[in-house]
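Fold and contact review
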Amino acid sequence: MNILTRRFTTALACASLLGLASAPQAVLAADPSVKIRVQSVIPTSADEITMLKDFASDVSALTDGTVTFEVLPAGAIVAVADTLDAVDKGLIEGGFAWTHYWSGKHPAATLFGSPSAGAGVGLDNFAWLSWFQYGGGQKLYDQLWKEMNMNVKGIMLQPVGPEALGWFKKPIKSMADFRKLRFRTPPGIPGQLYKDIGVASVAMGGGDILPALQKGVIDAAEWCCPKPDMTFGFHKALKHYYLQGLHQNVVNADLYINGDVWKKMTDRQRKAIEVAGNAALMKSLSYRILENGKALHELTTKHGVQLHDTPADYFKEYSAAAMKTFEKNSAENAFFKTVWESQKAFAEQAIPFWAGAQKANAGITGAYADVLAAQQKKAKK
């Protein structure tokens, strides 16, 4: 091979490598710009919106800025109750809520957003997430929107359970005490279960809870967990806090994207959203542990909040009501039955292991929590 041939061959190879290196940029250039306005069902000051914006930032980075989100507060374009319908019709490109908000449209929505009392099969939020990602839940979640006749692509983002039972003006010692109160609950099946056990359940948006407490419209309330609850200021009206609840020991917030908008995106853009969504699932769990821990410490040390254990009869009554409702819906709705049977099959395989592992986790965390409680008690003397 003479020198001219060698130089030509080298130049050709370099050109080929440069062409390969520039190929991703060519793909990027071909991706359309997509702006998704997302109306939330809660104020933009909420922790869930902080995490939603973190997800949006990840998507923007993964798509080189071709997919962006604008997060709008509750009621910005349509009423909270109309959020999903607005996404379906294309009035807004996206919405953010909890799947169980739409259990009035289809009862199976509660098995994805808030399967109360662990769906009756021992699920906590970690186990539910295992079912969702590896036990067939994702495929069923995609099917849910078709069952609801919604032109929507759902992206599961934020597991946050277990949620607290809630806030009270004075301690409750039994369900008899509980039944005397008007209690803010989530919409859909979780709230209905409170009615089933004789509690005066009142559904309302997060931003309406504190004013309702201050005006005496309700006597007690639940929302989420220490950090979001403190953000909403419930400790300003109520001082007795119960962490152990069953209505949302599993609860998941999700993003809804109009189906036509989703289809118009490139494969790369859709994959970026899915990857960022999976990352958000873990980020949400991590974020909640630290932020709720800091908030609970502040609530109890600076704001006079008193922690109590939930009355034992609550667990028995709420669990029984939940199981009765699941069995009823399973008998009446084929898709509900399909989803619940899937969760049962998963639980049969996974829960015996997870239950045993959780005993070890509860042992080490509980022991250290007792040490810290003793130290704080000693410091107050």
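Predicted, not measured: the structure shown is a model, and the values here were computed from it.

1. Concerning the nonpolar core
In this structure, Phe55, Phe69, Phe178 and Ile273 are the most contacted members of the largest nonpolar core, which totals 110 residues. In terms of residue count, the dominant contributor to this core is helix H12 (residues 267–302) (8 residues).

2. So, the packing of aromatic side chains
We describe a pair of aromatic rings using the distance from one ring centre to the other and the angle between the two ring planes. Under the counting rule described, the total for this entry stands at 31 aromatic pairs. Ring geometry for Phe178 and Tyr314: centres 6.5 Å apart, planes at 40°, overall tilted. Placement of the pair is Phe178 in helix H7 (residues 175–178) and Tyr314 in helix H13 (residues 312–332), with a sequence separation of 136 residues. Across the pair, exposure class does not vary: Phe178 and Tyr314 are buried alike. One Lys or Arg, Lys344, reaches over the ring of Trp340 and ends 3.8 Å from the middle of that ring.

3. Focus on unusual backbone geometry
Cis geometry is found at the peptide bond from Gly161 to Pro162, where omega equals 5°. Following the sequence through the fold, Pro162 ends up in the loop between strand S4 (152–159) and strand S5 (166–168). Here the phi dihedral of Asp64 falls at roughly 55°; this positive angle occurs in a residue that is not glycine. Along the chain, the position of Asp64 falls in the loop between helix H2 (47–62) and strand S2 (67–72). In the Ramachandran plot, Asn149 falls in the positive-phi region, its phi being about 60° despite a non-glycine side chain. Residue Asn149 is classed as exposed on the basis of its relative accessible area, which comes to 67%.

4. A look at the side chain of Thr310
Within the secondary structure layout, Thr310 lies in the loop between strand S11 (306–308) and H13. Judged by its relative accessible area of 8%, Thr310 falls in the buried class. Polar side-chain contacts of Thr310 include one of 2.5 Å to the backbone oxygen of Gln244. Apart from the residues lying within four places of it in its own chain, the contact partners of Thr310 are Leu165, Tyr242, Gln244 and Phe315.

5. Topic: the pairing of S4
Among the 8 residues that make up S4, 8 are buried, leaving the element largely enclosed by the rest of the structure. Inspection of the sheet shows S4 paired to strand S10 (residues 252–258) by 7 bridges, in the antiparallel sense. In the strand pairing of S10, Val152 is matched with Asn258.

What counts as what
- Residues numbered from 1 in each chain as written.
- Predicted model: local features only at pLDDT ≥ 70, side-chain atom pairs only at ≥ 80, totals over all residues.
- Heavy atoms only, no water.
- Core = buried A, V, L, I, M, F, W, Y, C linked by side-chain atoms within 4.5 Å.
- Buried < 20%, exposed > 50% of the residue type's maximum accessible area, 1.4 Å probe, protein only.
- Helix = DSSP H or I, 4+ residues; strand = E, 2+ residues; numbered from the N terminus.
- Phe/Tyr/Trp six-rings, centres within 6.5 Å; stacked < 30°, edge-to-face > 60°.
- Lys NZ or Arg CZ within 6 Å of the ring centre and 35° of its normal.
- Polar contact = N/O pair within 3.5 Å; in protein donor to acceptor, adjacent residues only side chain to side chain.
- Contact = heavy atoms within 4.5 Å.
- Pairing = 2+ DSSP bridges.

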